[in-house]
Amino acid sequence: MAEVILEQLCKSFGREQAVIDMSMKIDNGSFVVLLGPTGAGKTTTLRLISGLETLDSGTVRIDGRVVNTETPAQRDVAMVFQQYSLYPHLTVRNNLAFPLRSPILKTPKAEIDRKVAEVAGILHISNKLDNRATELSGGEMQRVSIGRALVRDPAIFLMDEPLSSLDARLRADLRIELKRIQSELGSTLLYVTHDQIEAMTMATHVGVLQDGKLVQFGTPREIYENPGSIYVAGRLGLPRINILPADLFSSTRGRAANIGLRPEHVEYGTGQEASVKRVEHLGDQTRLHLDLKGHAITVLSPHGNPYAAGTTVKIQPVNPLCFDESGNRITETNP
Amino acid sequence: MSYSITEPSSRQKWVAGTLVITYAIITMIPLLWIMMTSFKTPPDSISYPPKVFYEPSLEGYVNLFTTRTRVSPEKLASLPPPENFAEEIVRNRDMVIAGPSKFGGRFLNSVIIGFGSTFLSIFLGTLAAYAFSRFKIPFADDLLFFILSTRMMPPIAVAIPIFLMYRQLGLSDTHLGMILLYTAVNISLAVWLLKGFIDEIPREYEEAALIDGYTRFQAFYKVVLPQAATGIASTAIFCLIFAWNEYAFAVLLTSGTAQTAPPFIPTIIGVGGLDWPAIAAGATLFLLPVMIFTVMLRKHLLRGITFGAVRK
Ligand SMILES: Nc1ncnc2c1ncn2[C@@H]1O[C@H](COP(=O)(O)OP(=O)(O)OP(=O)(O)O)[C@@H](O)[C@H]1O
Ligand SMILES: [Mg+2]
């Protein structure tokens, strides 16, 4: 449990700049989710914090102390790797006990047994404890790899897409478990995910990365409701936000070049006529794929879906997000 | 019936098994013949047609480990009854045991030099291979090429300079000298083979260990070494086989205290004619350590021979 502060981190691999001028304050006890497409620098950021990668410039502070020159072991971080790297020559039990047996922790045997059993229970792998690490399914490996972090009580947990290869149900279970553990222990967590629901439900803060830069940092609600750019707006929200030319609907104003239309920004029955191309029933929701003057729009159908493919529907934007030509947000107070 | 496309059918397995076993038997025949000869009496060993069935005897082994002198029949009759089976076998040939032969000592030399140089090659080779595999070393490629270049001619080509240097340095006919020499020859093989194996071990394992609170050396020791066991075992076998069988340098550089078994075995010549059972016994015993070592490491070797191409 500690506060972690990143100050102007830079890291390049040859000519490729992986992380550029990144500053971020991860409060003690907060759950920070990093969002960004592949190659945005999420893993590199975690590796810089853990000390597996050396900084080109900048400072990492853990609990107030500058750790730039410390080894990963001295930094007291736990990390769940994107490619779950279990020790293949050890059993699951020994994989979980490995961090506890380190010369830094030197945990007594009884305590190791207790911790391992507890974490195995949480992750539903108690019956696999005596398997070799190679004799597990992908999802089981991933849980063991989470477990290897959870047995510790580090300054910060770094998790790189830890739930990505689990089935939907297990993912939902573990999402709740992880969040529970984090808030019970008051741990600090930096978490990389592509999963919208994980970001929205677990995060206290979300950081959005674009090409190695941190472009916006805030609570999940802020990121969702007040994105600073089209790029950030596209990171959260399912179905994705629709970006349309501002003059498509008459009711547009100011210097907005584009408007962003989330499903909840659409009112039916008035406005422009659009044809329904396709209807997707997802169980809990129904998506309509519309075509409006050659622009594809995906929206949620109102309850009881009165529309069928091939029919037309009138839609009208309500308080859409406005963006200028370069994709930056224009807020109402600053038209 | 369920069947898998990757698993051969039982008939394919049967055919493959028969072929492999036949081949194994054919290649084993010379070895079997040597072992059989070692249990023959000297007359049986040179009888024509060759005997396949015979009364086994330990005479070859007794002759291998002893020196004997011929005594007159009267003297023989006056001796007290033989104390052990060896004495009995020797007396049947009108001889008595005069003392132990040099074979035991030569064999021990082979063990010390063979295993000593193997251990040293593997120890140094593993550390060097790890460094080449994981750290940014200036001119790493050139260094690796240089290491390999020591094997680009037969080592015996430099026998004369080595002979002169060893005489100057006082390393001739010493265990240390032979261990250093065989290590020098083996180390390039060890570095290259082991580097290949260590390259295949993903770095993430060490990185995980570093984060789990271990130092780099501890990570190497606890995570890399166990996974390199396959490679280390097969490399060790290659090194041991070279050092164990090496003949030319052994003839040239050793004659007494540090002489190994290969130059010694051909010198076992019996009194009045070649003592084939003793030579065969020497060869059989000489085979054993490498065989035992290989069998012990077999589990690793079978995977190692595919040079890490198997799933981890
Ligand atoms: N060891 C390395 N050597 C060279 N380039 C690297 C290295 N590690 C990362 N990069 C580059 O840095 C950039 C950021 O990579 P990073 O792994 O941080 O992406 P990521 O956001 O984690 O992506 P993903 O979602 O696919 O995991 C990429 O362009 C990548 O090619
Ligand atoms: Mg990544």
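Residues numbered from 1 in each chain as written. Chains lettered and ligands numbered in written order. Predicted model: local features only at pLDDT ≥ 70, side-chain atom pairs only at ≥ 80, totals over all residues. Heavy atoms only, no water.

What follows is about the overall build of chain A. When helices and strands are tallied, chain A shows nine helices and 18 strands. Judged by the C-alpha coordinates and their principal axes, chain A covers about 70 × 45 × 35 Å. Only carbon and sulfur atoms are counted for the fraction: they give 48% of the accessible area of chain A, which is about 15,000 Å². Seen as two clouds, the 37 positive and the 38 negative side-chain charges of chain A have centres 3 Å apart. (Helix = DSSP H or I, 4+ residues; strand = E, 2+ residues; numbered from the N terminus. Areas by Shrake-Rupley, 256 points an atom, 1.4 Å probe, with all protein chains shown as cover. Lys, Arg positive; Asp, Glu negative; His and termini not counted. Charge placed at Lys NZ, Arg CZ, Asp CG, Glu CD.)

In this section: the sheet that holds strand E1 (residues 4-13) of chain A. Sheets are built from strands paired through backbone hydrogen bonds, the pairs being either parallel or antiparallel. Residue and element names in this part refer to chain A. A sheet is described by the order of its strands in space; here four strands give the open sequence E2-E1-E4-E5, paired in antiparallel fashion. Looking at strand neighbours, the two that pair on one side only are strand E2 (16-26) and strand E5 (65-66), the edges of this open sheet. The pairing of E1 with strand E4 (residues 57-62) spans five bridges and is classified as antiparallel. Bridging from a neighbouring strand, Ile 5 pairs with Arg 61 of E4. Strands E1, E2 and E4 of the sheet are contacted by helix H1 (residues 42-50), whose axis makes an angle of about 115° with E1. (Pairing = 2+ DSSP bridges. Contact = heavy atoms within 4.5 Å. Axes fitted to C-alpha atoms, helices over the stretch in contact; angles between N-to-C directions.)

Our next topic: the environment of Gln 218 of chain B. Within the secondary structure layout, Gln 218 of chain B lies in helix H11 (residues 216-245). Sequence-wise, Gln 218 of chain B and Pro 202 of chain B are 16 residues apart; in three dimensions their C-alpha atoms are separated by 16 Å. Aside from chain neighbours lying at most four places away, what touches Gln 218 of chain B is Pro 103 of chain A together with Val 223 of chain B. Reaching out from Gln 218 of chain B, the side chain makes a polar contact with the backbone nitrogen of Thr 215 of chain B at a distance of 2.8 Å. (Polar contact = N/O pair within 3.5 Å; in protein donor to acceptor, adjacent residues only side chain to side chain.)

Before going further, it helps to examine the interface of chain B and chain A. Listed per partner, the contact involves 17 residues of chain B and 24 residues of chain A. At the boundary of chain B with chain A, total buried surface from both sides reaches about 1,700 Å², with 65% on carbon and sulfur atoms. Contact with chain A buries surface across chain B, with Ile 211, Asp 212 and Tyr 214 of chain B losing the most and accounting together for 38% of the total. Linking chain B with chain A are three salt bridges. When the shortest N-O distance is used, the salt bridge between Arg 148 of chain A and Asp 212 of chain B registers 3.5 Å. At the boundary of chain B and chain A, one finds nine residue pairs in polar contact (both at pLDDT 80 or more). For the side of chain B that touches chain A, the leading source of residues is helix H10 (residues 203-211) of chain B, giving seven residues. Class assignment of the residues belonging to the side of chain B that touches chain A gives a composition of eight nonpolar, three polar and six charged. (Buried area = accessible area lost by both parts, 1.4 Å probe. Salt bridge = Lys/Arg side-chain N within 4 Å of Asp/Glu carboxyl O. Nonpolar A, V, L, I, M, F, W, Y, C, P; charged D, E, K, R; others polar.)

Residue and element names in this part refer to chain B. Between H11 and helix H14 (residues 276-296), whose axes approach to 10 Å, the crossing angle comes to 175°. When the axis of H11 is compared with that of H14, the two are roughly antiparallel. Of the residues in H14, those touching H11 at Ala 236, Ile 237, Leu 240, Ile 241, Trp 244 and Asn 245 are Phe 286, Pro 289, Val 290, Phe 293 and Thr 294. (Parallel < 35°, antiparallel > 145°, perpendicular 65-115°, else oblique.)

Taken as a whole and assessed by the stated rule, the structure comprises 18 aromatic pairs over all chains. Relative to Trp 244 of chain B, the ring of Phe 115 of chain B has its centre 6.5 Å away and its plane inclined at 75°; by these criteria the two rings are edge-to-face. Residue Phe 115 of chain B is found in helix H6 (residues 103-134), and its partner Trp 244 of chain B is found in helix H11; the two are separated by 129 residues along the sequence. Classification of Phe 115 of chain B as partly exposed rests on a relative accessible area of 29%. Among the residues examined, Trp 244 of chain B registers a relative accessible area of 2% and is labelled buried. An aromatic cluster is defined as three or more aromatic residues linked by ring pairs; in this entry it consists of Phe 65, Phe 103, Phe 107, Phe 115, Trp 244, Phe 264, Phe 286 and Phe 293 of chain B. Of note, Arg 235 of chain A hangs over the ring of Tyr 231 of chain A, and the distance from its end group to the ring centre comes to 5.1 Å. Of note, Arg 262 of chain A hangs over the ring of Tyr 224 of chain A, and the distance from its end group to the ring centre comes to 4.0 Å. (Phe/Tyr/Trp six-rings, centres within 6.5 Å; stacked < 30°, edge-to-face > 60°. Buried < 20%, exposed > 50% of the residue type's maximum accessible area, 1.4 Å probe, protein only. Lys NZ or Arg CZ within 6 Å of the ring centre and 35° of its normal.)

Residue and element names in this part refer to chain A. Near ligand 1 there are 13 residues, and of these Thr 38, Lys 42, Thr 43, Thr 44 and Gln 82 occur at the shortest range. Between Glu 16 and ligand 1, the recorded distance is 3.0 Å, taken from a side-chain N or O atom to an oxygen atom. Between ligand 1 and Ala 40 there is a distance of 3.2 Å, counted from an oxygen atom to a backbone nitrogen or oxygen. Look at ligand 1: alone it shows 630 Å² of surface, and the protein chains cover 64% of it. Ranked by residues supplied to the shell around ligand 1, first place goes to H1 with three residues. Taken together, the residues of the shell around ligand 1 sort by class into three nonpolar, seven polar and three charged. (Near = heavy atom within 4 Å.)

Time to look at helix H9 (residues 175-199) of chain B. Between its terminal C-alpha atoms H9 of chain B stretches 34 Å, which fits the 36 Å expected from 25 residues at 1.5 Å a residue. The axis of H9 of chain B is deflected most strongly, by about 40°, at Asn 186 of chain B. (Expected span 1.5 Å × (residues − 1). Bend = angle between axes of the 7 residues up to and from the residue.)

With that settled, consider a nonpolar patch on the surface. Residues and elements named next belong to chain B. A contiguous nonpolar patch, built from Ile 46, Ile 269, Leu 274 and Trp 276 and spanning about 430 Å² of accessible area, is present on the exposed surface. In this structure, Trp 276 sits in helix H14. Look at Trp 276 and you get partly exposed, because its relative accessible area is 39%. (Patch = residues over 30% accessible without salt bridge, like charges linked within 9 Å, V, L, I, M, F, W, Y side chains within 5 Å.)

What follows covers the coordination of the magnesium ion (ligand 2). All names here are of chain A. For the magnesium ion (ligand 2), the full set of protein donor atoms is Thr 43 (OG1) and Gln 82 (OE1), and the range of their distances to it is 1.8 to 2.3 Å. With a gap of 39 residues between them, Thr 43 in helix H1 and Gln 82 in the loop between strand E6 (77-80) and helix H3 (92-97) connect regions that are remote in the sequence. Among the residues examined, Thr 43 registers a relative accessible area of 27% and is labelled partly exposed. With relative accessibility at 32%, the residue Gln 82 sits in the partly exposed group. (Donors = N, O, S within 2.8 Å, 3.2 Å for Na, K, Ca; no water.)

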